[in-house]
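Examining the three-dimensional arrangement
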Amino acid sequence: MTVRRILYIGGTGTISAACVRRSVAAGDEVFVLNRGSGRRDIPQEVRRLEADVRDPDAVRAAVGSEEFDVVADFLSFTPEHVTDLLSSIEGACGQYVFVSSASAYDKPPRLLPVTESTPLRNPFWKYSRDKIACEDLLVAAYRDRGLPVTIVRPSHTYDEQMLPTLGGWTDIARMRAGAPVIVHGDGTSLWTITHSDDVAVAFTGLLGHPAAIGEAFTLTGTHAPTWNQIYTWLAEAAGVPGPDLVHVASETIAAAAPDLGPGLVGDKAHAMVFDNAKVSALVPQFRTTVTFDEGARRILAYYDAHPGAQEVDDDKNALFDRLAAHARSIG
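Residues numbered from 1 in each chain as written. Predicted model: local features only at pLDDT ≥ 70, side-chain atom pairs only at ≥ 80, totals over all residues. Heavy atoms only, no water.

**Re the packing of helix α5 (residues 169-177) against helix α7 (residues 227-237)**
Note the threshold: Orientation is described by axes fitted as lines to C-alpha atoms, over the contacting stretch for helices, and by angles from 0 to 180 degrees between their N-to-C directions. Helix and strand definitions follow DSSP, with helices as H or I runs of at least four residues and strands as E runs of at least two, each counted in order from the N terminus. With the far helix as reference, a near helix turned anticlockwise by less than a right angle produces a left-handed crossing, and one turned clockwise produces a right-handed crossing. A contact between two residues is defined here by any heavy atoms of the two lying within 4.5 Å. Under this grouping Gly is polar, as are all residues other than the nonpolar Ala, Val, Leu, Ile, Met, Phe, Trp, Tyr, Cys and Pro and the charged Asp, Glu, Lys and Arg.
Relative to each other, α5 and α7 sit at 65°, their axes nearing to 10 Å. Between α5 and α7 lies a crossing of right-handed hand. Here D171, I172 and M175 of α5 come into contact with α7, specifically with Y231, L234 and A235. When the residues that make up the contact of α5 with α7 are grouped by side-chain class, the tally is five nonpolar, no polar and one charged.

**So, the pattern of salt bridges**
It is possible for side chains bearing opposite charge to pair when their charged atoms get close. Applicable threshold: Any carboxyl oxygen of Asp or Glu that lies within 4 Å of a side-chain nitrogen of Lys or Arg is treated as forming a salt bridge with it.
Summed over all chains, the structure comprises 19 salt bridges. Notably, a salt bridge pairs E29 with R47, separated by 3.6 Å at the nearest N-O pair. Taken as a pair, E29 in strand β2 (residues 29-34) and R47 in strand β3 (residues 47-50) lie far apart in primary sequence, 18 residues in all. In this structure, R47 and E66 form a salt bridge, with 3.1 Å as the shortest nitrogen-oxygen distance. With a gap of 19 residues between them, R47 in strand β3 and E66 in the loop between α2 (56-63) and β4 (70-73) connect regions that are remote in the sequence.

**Considerations on the packing of aromatic side chains**
Any pair of aromatic rings gets described here by the distance separating the centres and the angle formed by the planes. To be explicit about the condition: Ring pairs shown here join Phe, Tyr and Trp side chains whose ring centres sit within 6.5 Å, with only the six-membered ring taken for Trp; geometry is labelled stacked below 30 degrees between planes, edge-to-face above 60, and tilted in between. Here, over-ring charges are defined by two tests on the NZ atom of lysine or the CZ atom of arginine: distance to the ring centre within 6 Å, and angle to the ring normal within 35 degrees.
Here the structure, examined in full by the defined rule, presents twelve aromatic pairs. A connected cluster of aromatic rings, assembled from ring pairs, spans Y8, F74 and F203. Between the NZ or CZ atom of K278 and the centre of the ring of F217, over which it lies, the distance is 5.0 Å.

**Let's talk about α5**
Which entries qualify depends on this criterion: Here's how the labels work: a residue is buried when its accessible area is under 20% of the maximum for its type, exposed when over 50%, partly exposed in between, all with a 1.4 Å probe on protein chains only.
Within α5, the full set of buried residues consists of W169, T170, D171, I172, R174 and M175. In this structure, the buried side of α5 is in contact with β8 (181-184), α7, α11 (292-305) and α12 (314-330).

**Describing the pairing of β8**
The test is simple: For two strands to pair, DSSP has to find at least two bridges joining them.
Burial along β8 is two-sided: the residues V181 and V183 and I182 and H184 are all buried. Judged from the four bridges that link them, β8 and strand β11 (residues 245-248) form a sheet pairing that is parallel. Across the sheet, V181 pairs through a bridge with L245, a residue of β11.

**A closer look at the layout of surface pockets**
As a reminder, the rule being used: Only protein atoms enter the calculation, which uses a 1 Å grid: trapped sets of points that fit a 1.4 Å probe without letting it out are cavities, open sets showing protein on both sides within 12 Å along at least five of seven lines are pockets, and any residue with an atom within 4 Å of a point is a lining residue. Grid points are joined across faces, edges and corners, and a volume is the space filled by probe spheres set on the points.
Roughly 1200 Å³ of volume is contained in the largest pocket. Taken together, the elements giving at least two residues each to the lining of the largest pocket come down to α1 (14-25), α4 (126-145), β7 (156-158) and α9 (261-268). When residues in the lining of the largest pocket are grouped by element, the largest group, five residues, is from α9. Per-class residue counts for the lining of the largest pocket are 20 nonpolar, 18 polar and seven charged. If you add up the space inside the second largest pocket, you get close to 210 Å³. Every residue along the wall of the second largest pocket is listed here: R39, Q161, L163, G167, G168, W169, Y302, Y303, A309, E311, V312 and D313. Looking at the lining of the second largest pocket residue by residue, the classes come out as six nonpolar, three polar and three charged.

**Focus: the side chain of S250**
By the secondary structure assignment, S250 is in helix α8 (residues 250-256). You can call S250 buried: its relative accessible area is 4%. Here S250 is in contact with H184, G185, L264, V265 and A269, once residues within four sequence places are set aside.

Okay, structure coming up:
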């Protein structure tokens, strides 16, 4: 078995932590570079490099003379971030994997399922436009100087610590209190939601794969329930068999809560179903093994075992009360 040296930039996020665990289990020599903190534990076998990834000199000092088969970058969100990181690690890695986002695909989608040939365009969300700009920079670097880049585009990925709803734990608390819970749109649009352990299979399968160089891959599963199903499964896991779901147009929510608007109008408001044939051709073992009915049970088990994570947002509570009252006054 060939042991790969893999550096994860980040390593404690929803997706990256699952990928780190899978790489360790595969016998790879795994390094993680971050500021030394994170919400998720990493295996003891991992070698930790501590630096602020926004400080190229600190990154160079932390990396030193180490060389890697793969550098997986989960923490670059703008072209400047990418440029700074490459100034520190380019030449010391055989493959640079940039984590983009499936939210970069054309919004609203004109054709489903979305494939890698779907245009990249999101006029609603700066986060997505910045990811597109990063991709443009990296594609040019591959063409101009042969940068060994692979681009991956995960969509909505979760684990037991990540609630996928508008209010997070606030929604669960409202369900258990019998209060109305806001669901964007009419709740019937299809939404691809994938457990991080499944995404990690595809992601790690691309590491060191020669056919992945210069290519971009959608990294989502095939499980696409409706939003009504997502909320209902969470309610059932929370012991609430009949949640009071109130449907509100995404644009109305965005007008009332501008911080929620870009992620809604620029992503979640639209049905999103993806074709994973390209990554499956290189990683045939990749498939959906955890559907969200099971995922919801895992999430509630985690939060019920960790009371300190049960944070209720008073501002969102008040917002949801106003939205529910308004919806019922006109409905």
